[in-house]
Amino acid sequence: MVTLSTPWVMGIVNVTPDSFYAASRTPAAGGVVERVEAMVAAGVDIVDVGAASTRPGARPLAAEEEVRRLAPALEAIRRRWPELLLSADTYHSSVAATCVGTFGVDMVNDISGGQYDPAMMATVGRLRVPYILMHAPAAEAGMHDSSPEADIVCAVARHLAARTQMAHDAGIADVVVDPGFGFGKTLRQNYRLMHHLAHLRQLFAQQAMLVGLSRKSMVYKLLDSTPEEALTGTTVLHTLALTAGADILRVHDVRAARDAVQVWQAVHREP
């Protein structure tokens, strides 16, 4: 089971030319090494490497193309940092198997929660690595309804509970739940979910919880700005998420997140 005595910072490496935050795009292996080097220096705990953009309107990437993009990046990282904890951000079971089997990736991060590829959970169960299971609203009726009757907190809780049980049934011992901020949710729903994050944390007390808030539209749309200007708002949300019980912050800016964790720990440390 994934147990975290202190919050982790997960650094994002996008091996893609079209991620929503331009500064995170590192399609070349040399750029990946430079980016990871900065993350390691800033105190990253685990690096999440993905090759498919999940921005609104992005088309799913074929498994073969995903591996073609990921392989040079993972090989370069492993050559330089053999012991660095790595996560593969993919919704393809075959890609997950390659990342774990060939490059020794330590965790699978699936934004579809096993819904895009029906073989994903069974594959991760056989691989015996932790699995990040994100709330994927596209499969749920009514999740795009912005009316007060669309109770996002209950919908996320029900969905994660059902999918977590399916993951356990598939042989996955370590499930990390992710509420899926920004995915198929209105601005109002995102902040309602954030307001009740501590309640969600209590419901999933047996699982670690990851939150992905970094520079997302729930920050920059609220502030009428851009992803490039969203670091301050992101840091505020990270601090609130830590207070609500988040175990892993998935971030673009490792130094800022590490600073937030350190300050938060100082405030909450026993006197």
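How each quantity is defined
Residues numbered from 1 in each chain as written. Predicted model: local features only at pLDDT ≥ 70, side-chain atom pairs only at ≥ 80, totals over all residues. Heavy atoms only, no water. Helix = DSSP H or I, 4+ residues; strand = E, 2+ residues; numbered from the N terminus. Buried < 20%, exposed > 50% of the residue type's maximum accessible area, 1.4 Å probe, protein only. Contact = heavy atoms within 4.5 Å. Areas by Shrake-Rupley, 256 points an atom, 1.4 Å probe, with all protein chains shown as cover. Pairing = 2+ DSSP bridges. Axes fitted to C-alpha atoms, helices over the stretch in contact; angles between N-to-C directions. Phe/Tyr/Trp six-rings, centres within 6.5 Å; stacked < 30°, edge-to-face > 60°. Arc of directions from axis to C-beta. Core = buried A, V, L, I, M, F, W, Y, C linked by side-chain atoms within 4.5 Å. Expected span 1.5 Å × (residues − 1). Bend = angle between axes of the 7 residues up to and from the residue. 1 Å grid on protein atoms, 1.4 Å probe; cavity = no way out; pocket = protein on both sides within 12 Å on 5 of 7 lines; lining within 4 Å. Points joined across faces, edges and corners; volume = space filled by probe spheres on them. Nonpolar A, V, L, I, M, F, W, Y, C, P; charged D, E, K, R; others polar. Salt bridge = Lys/Arg side-chain N within 4 Å of Asp/Glu carboxyl O.

Novice: Would you explain the overall build of the chain in this entry?
Specialist: A count of helices and strands for the chain gives ten helices and eight strands. For the chain, with 271 residues in total, the buried portion stands at 54%. Sequence-distant contacts, at least 24 apart, represent 67% of the contacts inside the chain between residues at least 6 apart. Total accessible area on the chain stands at roughly 12100 Å², and carbon and sulfur atoms take up 55% of it.

Novice: Whenever I open this one, unusual backbone geometry confuses me. Can you help?
Specialist: What you tend to see is this: most non-glycine residues have negative phi, and most peptide bonds are trans. For Arg128, which is not glycine, the phi torsion reads 60 degrees and is therefore positive. When you line up the elements, Arg128 lands in the loop between α4 (120–127) and β5 (131–134). At Arg215, a position not held by glycine, the phi torsion is positive, near 55 degrees. One can find Arg215 in the loop between β7 (208–212) and α8 (217–220). Residue classification places Arg215 among the buried positions, given a relative accessible area of 4%.

Novice: I would appreciate a short explanation of the sheet that holds strand β6 (residues 175–178) in the present structure.
Specialist: The strands that make up a sheet pair up through hydrogen bonds in the backbone, lying either parallel or antiparallel. Around the barrel, which closes on itself, the eight strands sit in the order β1-β2-β3-β4-β5-β6-β7-β8 with parallel pairing between neighbours. This sheet shows a mean twist of 25 degrees between the axes of neighbouring strands, independent of strand direction. Relative to β7, β6 is paired through two bridges, and the arrangement is parallel. Residue Val177 lies in a different strand from β7, and its bridge partner there is Met209. Along the sheet, helix α5 (residues 152–169) contacts β5 and β6; its crossing angle with β5, the most-contacted strand, is approximately 150 degrees.

Novice: What exactly am I supposed to notice about the packing of aromatic side chains here?
Specialist: Evaluation of the coordinates by the stated rule reveals one aromatic pair. With 4.6 Å between their ring centres and 55 degrees between their planes, Tyr91 and Tyr116 make a pair best called tilted. Of the two residues, Tyr91 sits in the loop between β3 (86–89) and α3 (93–103) while Tyr116 sits in the loop between β4 (107–110) and α4, which places them 25 residues apart along the sequence.

Novice: I tried to follow α3 on my own but got confused; where do I start?
Specialist: Think of an α-helix as 3.6 residues a turn; residues three or four steps apart then line up on the same face. Listing the buried residues of α3 in full gives Ser93, Val95, Ala96, Cys99, Val100 and Phe103. Looking down the long axis of α3, one finds its buried residues gathered within 165 degrees of arc, a one-sided arrangement. Of the exposed residues in α3, those oriented more than 90 degrees away from the buried face are Gly101 and Thr102. For α3, the elements touching its buried residues are α2 (63–80), β3, β4 and α4. Backbone geometry just after α3 places Gly104 at a positive phi near 65 degrees.

Novice: Explain the nonpolar core to me, please; I cannot follow it from the model alone.
Specialist: A general trend in soluble globular proteins is that nonpolar side chains are found buried together. Formed by 74 residues in total, the largest nonpolar core has its most connected members in Val47, Tyr131 and Leu197. Membership of the second largest hydrophobic core comes to nine residues, among which are Ile46, Ile132, Val176 and Leu210.

Novice: How should α2 be read in this particular structure?
Specialist: Counted at 1.5 Å a residue, the expected span for α2 with its 18 residues is 26 Å, and the 26 Å between its end C-alpha atoms agrees. Maximal helix bending in α2 amounts to about 30 degrees, located at Leu70; proline Pro72 follows within four positions. Taken together, the buried positions of α2 are occupied by Ala63, Glu66, Leu70, Ala73, Leu74, Ala76, Ile77 and Arg78.

Novice: Please explain empty space enclosed by the protein as it appears in this structure.
Specialist: If a probe as big as a water molecule is rolled over the atoms, it shows which places are left empty. One pass over the full model with this rule turns up two cavities of 30 Å³ or more. Of the pockets and cavities examined, the second largest cavity occupies roughly 30 Å³. Residue lining of the second largest cavity: Ser214, Leu231, Thr234, Thr235, His238, Val251, Asp253, Ala256 and Ala257, and that is the complete set. Within the residue set of the lining of the second largest cavity, elements represented by two or more residues are α9 (231–244) and α10 (254–268). Ranked by the residues each element gives to the lining of the second largest cavity, the list is headed by α9, at four residues. By residue class, the composition of the lining of the second largest cavity is four nonpolar, four polar and one charged.

Novice: Can you walk me through the pattern of salt bridges in this structure?
Specialist: Close approach of charged atoms allows side chains of opposite charge to pair. With the rule as written, the count across this model stands at eleven salt bridges. Asp89 is the salt-bridge partner of Arg250, the closest N and O atoms lying 3.2 Å from each other. A residue pair is termed long-range when its members are at least 10 positions apart, and Arg250 in strand β8 (residues 248–251) and Asp89 in strand β3 qualify at 161 residues. Through salt bridges with shared partners, one network takes in Asp48, Asp89 and Arg250.

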